[in-house]
Amino acid sequence: MAIWKPRIEAAARYKHQGIADALQVDIAAGLLITGDALPPQREIARQLGVDLTTVTRALNEARRLDLIEARTGSGTFVKAGPNQPQPATPPVTVELDLSMNIPPQPAEADLHGRMAIGISALLRNASSQFLSYQETTGTEADRRAAAQWLSPRFGGPPAVDRLLRAGGAQSALFAICNLVAAGGSICAGAMTYPGLKSVAGILNLAVHPLVMDEFGIVPEAFEECCRRHSPRALYVIPSIDNPTTATMPLTRRQEIARLADRYRVAIIEDDPYAELLDQPLPAIATQAPDITWHIATLSKCATPALRIAYAACPSPLDVLKLASSLRASNPGASPLLAALATNWIEAGTLQQIAGAIRAESRARQSLASAILRNWTYAAEPAGHHLWLKLPRQWQAGEFAGLARRSGLGIVPAEVFSTGSPAMAAVRVSLGAAPDRARLEQGLVLLDRLLNEPQFSTGLIV
């Protein structure tokens, strides 16, 4: 029996509604099933940093929706609902989790060996800088390496004094949102990165959903939002969007930059997948440099073990402001990992690793194309994931629940929604499988599940 891990849906107007919405989404996604327990109300309040009255109102709303029931002397539990399938057998542990969007780790990349050799070499020649605190902005060598890494998307190395090294893209995103949007609101695609939703929830930022098409955020929707809501910032993933896989062409990037400049809206350009494109596209930061905060992480083009991100800021003063914001939550990246990343960039090793990962991602996308040929989905040839449209008998949360009970982890559209009705779609992360053979097994299972009638109760084996 699982115990619910409480959270607040970022798109909700009120905190108590956000708690109830999160509970409903998790039930629909199959993360909770009938009989699963909720923590005590005081514990929920403590974990979420809200008062007890807010939690009480949230649970009252969940009872009104017939999601939960109280059992005297035992606690509160998820209740069977009319739209919740009941498995004939106990739920199984997920055997292949394709829910985490990570790069594949091909043998050609030799990440384990390269990391072992690289870190050992650093430690053998270590000076105290690797074993002590460093400036939050990073060392001069790290920032020069960042400029080299960002050069293809910036049309040349960006100025070093506008760069900052961070301990991962999520910490940079949190610090930037806190810096540019505190006390206001932001806008983002109708489907967007869940990490942005988490940041908005913690900072109490309203997120205005924007209509999207096959090229990403629609400029007219962005302009209308600027007129009606005066957001402080726009959050955008311009290359291989997570989850929709849309990549903005240059003309779309230019139009977004023009509108943001006109309405003086800061742009938070989160671009973790740019290295996977066959041909680099100019970053939005090149179109509106004085209002754009560009984030580039190494976790998506190399390995999550290398939690290093680089932020290109609008000005040198903004670098100092961002460093100050970061120090309040995550003072900086690991000096040892940062030095390893710098060495790999300077030697061309990181570029080789990214190339091997692109090749492996292409092979996995080709495999998916053959197995899922009867279904509609969006994908980038060298991207890590695909955005699968479900047949009409399925809703996203229900289908993800069936997949989970059948041993396959995927992510329903509800997790990405910023307030608009969730699409009947799921994200499938091809890079998460340990190898192509296991991925093929998972995709064959997915194909079989897509043919299942709605509310199937059996396990597919």
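Below you will find a few notes about this structure.

Thresholds applied
- Residues numbered from 1 in each chain as written.
- Predicted model: local features only at pLDDT ≥ 70, side-chain atom pairs only at ≥ 80, totals over all residues.
- Heavy atoms only, no water.
- Buried < 20%, exposed > 50% of the residue type's maximum accessible area, 1.4 Å probe, protein only.
- Helix = DSSP H or I, 4+ residues; strand = E, 2+ residues; numbered from the N terminus.
- Arc of directions from axis to C-beta.
- Contact = heavy atoms within 4.5 Å.
- Pairing = 2+ DSSP bridges.
- Axes fitted to C-alpha atoms, helices over the stretch in contact; angles between N-to-C directions.
- Phe/Tyr/Trp six-rings, centres within 6.5 Å; stacked < 30°, edge-to-face > 60°.
- Lys NZ or Arg CZ within 6 Å of the ring centre and 35° of its normal.

Right, let's get into helix α2 (residues 41-48). Restricting attention to buried positions, one finds in α2 the residues I44, A45 and L48. For α2, the angular spread of the buried residues around the axis is 100°, confining them to a single face. Opposite the packed face of α2, turned more than 90 degrees from it, sit the exposed residues R42 and R46. On the buried face of α2, the contacting elements are α1 (15-28) and α3 (52-64). Of the residues one or two after α2, G49 is the one with positive phi, at around 70°.

Taken in spatial order, the four strands of this open sheet run β14-β15-β18-β17, and their pairing is antiparallel. The sheet is open, and its two edges are formed by β14 (377-379) and β17 (411-412), each paired on a single side. Bridge analysis of β14 against strand β15 (residues 385-389) gives three bridges, and the strand direction is antiparallel. Looking at the pairing, Y377 lines up with L388 of β15. Contacts between helix α13 (residues 349-371) and the sheet are confined to β14 and β15, with β14 contributing the most and set at about 165° to the helix.

On to the packing of aromatic side chains. Within this structure, the stated rule accounts for two aromatic pairs. Measuring from ring centre to ring centre gives 5.8 Å for W387 and F416, while their planes differ by 90°; the resulting arrangement is edge-to-face. Taken together, the positions of W387 in strand β15 and F416 in the loop between β17 and β18 (425-429) put the pair 29 residues apart, joining distant regions of the chain. On the accessibility criterion, W387 (7% relative accessible area) is buried. Relative to F399, the ring of W394 lies with its centre 5.4 Å away and its plane at 70°, an arrangement referred to as edge-to-face. For the residue pair W394 and F399, the accessibility class agrees, reading buried in each case. Its guanidinium or amino end placed over the ring of F77, R71 lies 4.1 Å from that ring's centre, counting from NZ or CZ.

Here the bond from N242 into P243 is cis, since omega is 20°, no more than 30 degrees from zero. Take P243: it is sitting in the loop between β10 (233-236) and α9 (250-263). Residues other than glycine seldom take positive phi values, yet I240 does so here, at roughly 50°. The residue I240 is located in the loop between β10 and α9 in this model. The phi dihedral of T245 falls on the positive side, at around 70°, and the residue is not glycine. Along the chain, the position of T245 falls in the loop between β10 and α9.

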